[in-house]
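Residues per chain are reported as follows:
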Amino acid sequence: MRKVFLGLVQFIVLFTVLVFVVFILVHLVPGGPLDREVALDPQLKHALGEKYHYNKGILHQFFLFILSFKEEGFGYGTATQSPFSALELSWRSFSNSLYFSGAVFLISVMLGILWSGLSLSFPRLVVRAFLFLSEWGNACPVLVLSLVCLCALAWAPSKVPEFFGKELLPAFALGLRPWSVVFQVVYRSQLESQKLPYFFYAQAKGLSPVRLYFRHLFLNSVLPLLDLIPVLFQNVMAGAFVVESVFNKPGIARLLVGSILNRDYPLFVACIGLYGGFFILFQSSMKRLKSYLMP
Amino acid sequence: MRKKICFFLVLLTAVLFLFTAYSMIWKMNSLIYLESRLQGPSWHAWFGTDFLGRDYFARVTQATVITLGSVFISFLGSTLFGAAYAWLWSHAGHFKFIFEQCLNFFIFFPQLILAFIFSAGIESGMMRVVGSLIFAHWMIFAQFFSTQQQVWLESPLHESAKNLGYSNFELRGEVFWKMHLKPLFGILLRTQWPSFLLTESTLSFLGVGYASPYVGLGSLLGENGVALRAHPHLFLFPLLSLFCLYGLLSWISKKGTQSTGFSNLRKPWIA
């Protein structure tokens, strides 16, 4: 209970610091959302400044911004004509991104584990081909891979189903790297475990191949993944930005880039706050999980 | 030895090619010929022409040079900033934990998100890109310098060198730099290039990096993505250039890590 409380306090402090840093940083830029190429009427500018609190001091603005969290969800975007608050809008986009990247990550990790298990019984040439593919997938950046996939999509025949362009290719571009890493780590770990004395002992006892695999090989080879999963997921979430932009998928990337270009302060801070808050929670929960599994 | 010669030849050729091409066709790049717009690759225009009839080879070369330039400048900036942070950290006394917490706070964020945060704080141009790259990478350098310093201070070599009568300056300059920092810094230098390149290209591709008339490879790709079906050369040549550049930098990093005996070191990675 004490640990949960401390974790919560830590989260609130880190979240507030993050929002403060981002808020101050975006307000340091010369100009603002009301400075357009065609100058606004001074009275209108003043009224808008009053409405969005731009006329007040920066710290005053920050406190008003934080206080608006409960009732208005960090206020409303200045550039978007949306009826939703900045927090609600960014949550809708973020949940799309999270759903897509989470699904891709889970599928690629499971496929990597499954493939590495099956590779033990594959012919040597096939395993080499998979190892080559995984090396290549590990080295190819998401940006380049997504752009190559975009080329493939542009030149694909028009009869290709919509699912191919909207789901399959983005998922491939995003999921190839986690698949490659998981496949390589688990496969090599399995090969090493097969050379250890306990495996020979279990084999000599006459255990069935299925039991031998699941009991003595699989669990030991999956353990190294515990360290890798947070880093890989972090990479997948960051890669989702690129993939969403390349394939024009709805997600937080479009919203965030739009908010930067339009100087939409509330929306930008809400997006980064949501993203950062999620990462802080994710990292701390992974630490707790690891200490629970490997005390 | 042969490998080293090959490596230097490739590097020299690449550098010569980039700078010669850059200086020779700088004027060509700014010329607009509306009557010869959107032409495919030919002997006259190797990579074809763009929407305004400008020579696309010149545009791609210019973009490559701008991208590479921002990568090198940001690398230098990150090194300086990281070293300064590590120096302040080592002299912070009772407040060391603040530096440590601050570094931990930044280090678990994806680099692309950090770059986004900074890019919102600067108006478009080179300062935005370079600043974003430094903001996204400085903590790797700070951690590296700080760890190396800690390792050095705790090593028996430091103690014995001190006993032999080396002054503090000599210790740092001669022994610490040459034996500890230099080889590892060489690895860091080589391995971080691809990461810088990808962050810059991603930012420009998403529209928060370089804006016209100054273009990076990412901005060329972002601008011409819509023309992929009708005018593929506008998209394919920058993509090819980015691919080759990334391959070259990764190869250099691989060779660099192998030559210093760290063959198992993995390449750095961003999104």
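Every value quoted in this text rests on a predicted model; they were computed, and no experiment measured them. Residue positions are given per chain, counted from 1 along the sequence in the order it is written. Lettering of chains starts at A and numbering of ligands starts at 1, both following the order in which they are written. Given that the model is predicted, a residue must reach a pLDDT of at least 70 before its local features are reported, and side-chain atom pairs must reach 80 or more before they are shown or counted; all residues, however, enter totals for whole chains, interfaces and linings. Only hydrogens and water are set aside; all other atoms, that is, all heavy atoms of the structure, feed into the side-chain values.

Caption draft 1: Spatial organisation of the overall build of chain B. Scanning chain B from terminus to terminus reveals nine helices and zero strands. Secondary structure elements follow DSSP: runs of H or I of four or more residues count as helices, runs of E of two or more count as strands, with numbering from the N terminus. In chain B, the succession of helices and strands from N to C terminus is α-α-α-α-α-α-α-α-α. Taken across its 271 residues, chain B has 51% of its residues classed as buried. By definition, residues are in contact when any of their heavy atoms lie within 4.5 Å. The contacts in chain B between residues at least 6 apart in sequence include a share of 67% that link residues at least 24 apart. Here the Shrake-Rupley method, with its probe set to 1.4 Å, supplies the accessible areas, and only the displayed protein chains count as covering residues. Carbon and sulfur atoms provide 68% of the accessible area of chain B, an area that totals close to 13800 Å². Residue exposure (1.4 Å probe, protein chains only): buried if accessible area is under 20% of the type maximum, exposed if over 50%, otherwise partly exposed.

Caption draft 2: The overall build of chain A, seen in detail. The helix and strand tally for chain A stands at 12 helices and zero strands. Start at the N end of chain A and walk to the C end: the helices and strands fall as α-α-α-α-α-α-α-α-α-α-α-α. Since a compact globule built from 295 residues should have a radius of gyration of about 19 Å, the 25 Å found for chain A marks it as more spread out than a globular shape. Seen through its C-alpha atoms, chain A measures out along the principal axes to roughly 85 × 60 × 30 Å. Excluding contacts between residues fewer than 6 apart, the proportion of contacts in chain A whose partners are at least 24 apart in sequence is 75%. Within the structure as shown, chain A displays about 16200 Å² of accessible surface, and the carbon and sulfur contribution to it stands at 68%. Taken over C-alpha atoms, the radius of gyration is set against a globule rule of 2.2 Å times the number of residues to the power 0.38.

Caption draft 3: Inspection of a nonpolar patch on the surface at higher detail. Residue and element names in this part refer to chain A. Nonpolar side chains collect at one region of the surface, where Phe-5, Leu-6, Val-9, Val-13, Val-17, Phe-20, Val-21, Ile-58, Leu-59 and Phe-63 lie side by side and expose about 840 Å² of accessible area between them. Put simply, the parts of the chain that give the nonpolar patch at least two residues each are α1 (2–27) and α3 (58–72). For the nonpolar patch, the leading source of residues is α1, giving seven residues. Along the polypeptide, Val-13 turns up in helix α1. Accessibility expressed as a relative area gives 48% for Val-13, which makes it partly exposed. In this analysis, a patch consists of residues with relative accessible area above 30% that form no salt bridge, clustered at 9 Å for like charges and at 5 Å for the nonpolar side chains Val, Leu, Ile, Met, Phe, Trp and Tyr. Salt bridge, as used here: a side-chain nitrogen of Lys or Arg that lies within 4 Å of a carboxyl oxygen of Asp or Glu.

Caption draft 4: Region of the structure containing the interface of chain A and chain B. Opposite the 44 residues of chain A that make contact, chain B presents 36 residues. The buried area of a pairing is the accessible area, by a 1.4 Å probe, that goes missing from both parts when the two are put together, added over both. Both sides of the chain A and chain B interface together cover about 3700 Å² of buried area, and 80% of this is carbon and sulfur. Run the count over chain A and chain B and you get zero salt bridges. We define a polar contact as two N or O atoms separated by no more than 3.5 Å, with the added condition that, inside protein, one atom must be a possible hydrogen donor and the other a possible acceptor, whereas residues neighbouring each other in sequence contribute only through side-chain atom pairs. Counting across the chain A and chain B interface gives one residue pair in polar contact (both at pLDDT 80 or more). Of all the secondary-structure elements, those providing two or more residues to the side of chain A that touches chain B are α1, α5 (124–139), α6 (142–155), α7 (162–194), α10 (225–246), α11 (252–261) and α12 (265–293) of chain A. Considering each element in turn, the side of chain A that touches chain B owes the most residues, 10 residues, to α6 of chain A. In this count, Pro and Cys sit with the nonpolar residues alongside Ala, Val, Leu, Ile, Met, Phe, Trp and Tyr, while Asp, Glu, Lys and Arg are called charged and the others, Gly among them, polar. Tallied by class, residues from the side of chain A that touches chain B come to 34 nonpolar, eight polar and two charged.

Caption draft 5: Fine view of the pattern of salt bridges. Residues and elements named next belong to chain A. One pass over the full model with this rule turns up five salt bridges over all chains. Arg-188 serves as the salt-bridge partner of Glu-135, at 4.0 Å between the closest nitrogen and oxygen. Placement of the pair is Glu-135 in helix α5 and Arg-188 in helix α7, with a sequence separation of 53 residues. Residue Glu-135 is classed as partly exposed on the basis of its relative accessible area of 38%.

Caption draft 6: The confidence of the model for chain B, seen in detail. All names here are of chain B. pLDDT is defined as a per-residue confidence score from the predictor, taking values between 0 and 100. Within chain B, residue pLDDT values average 77, and 76% of them lie at 70 or more. When mean pLDDT is taken per element in chain B, helix α8 (residues 217–224) scores highest with 87 and helix α1 (residues 2–30) scores lowest with 61. Predicted confidence for residues 260–271 stays below pLDDT 50, and this span has 38 contacts to residues more than four positions away or in other chains. Here the predicted complex scores 0.81 on pTM and 0.79 on ipTM.

Caption draft 7: Inspection of the packing of aromatic side chains at higher detail. When two rings of Phe, Tyr or Trp (its six-membered ring) have centres within 6.5 Å they constitute a pair, described as stacked for plane angles under 30 degrees, edge-to-face for angles over 60, and tilted for the intermediate range. Taken as a whole, this structure holds 34 aromatic pairs over all chains when the rule is applied. For the ring pair Phe-278 of chain A and Phe-279 of chain A, a centre distance of 5.8 Å and an interplane angle of 75 degrees mean the geometry is edge-to-face. Here Phe-278 of chain A matches Phe-279 of chain A in class, with each residue buried. The rings of Trp-91, Phe-94, Phe-105, Phe-233, Phe-241, Tyr-275, Phe-278, Phe-279 and Phe-282 of chain A together with Phe-116 of chain B are connected pair by pair, giving a single aromatic cluster.

Caption draft 8: Focus on the state of the cysteines. All names here are of chain A. Disulfides are defined in this document as cysteine sulfur pairs within 2.5 Å. Applying the stated rule across the entire model yields zero disulfides over all chains. Its sulfur unpaired, Cys-149 is 8.7 Å from the next cysteine sulfur, which belongs to Cys-140. The exposure class of Cys-149 is buried, given its relative accessible area of 6%.

Caption draft 9: Examining the nonpolar core more closely. Membership of the largest hydrophobic core comes to 134 residues, with the highest contact counts inside it found for Phe-241 of chain A together with Phe-116 of chain B. Considering every element that reaches this core, the biggest residue donor is α12 of chain A, with 14 residues. Residues contacting Phe-241 of chain A, with those up to four places away along its chain left out, are Ile-252, Ala-253, Leu-256 and Tyr-275 of chain A together with Leu-112, Ile-113, Phe-116 and Leu-206 of chain B. Nonpolar core, defined: a set of buried Ala, Val, Leu, Ile, Met, Phe, Trp, Tyr and Cys residues in which side-chain atoms within 4.5 Å join the residues together. Counting residues in hydrophobic clusters, the runner-up holds five residues, among them Phe-199, Ala-202, Leu-212 and Tyr-213 of chain A.

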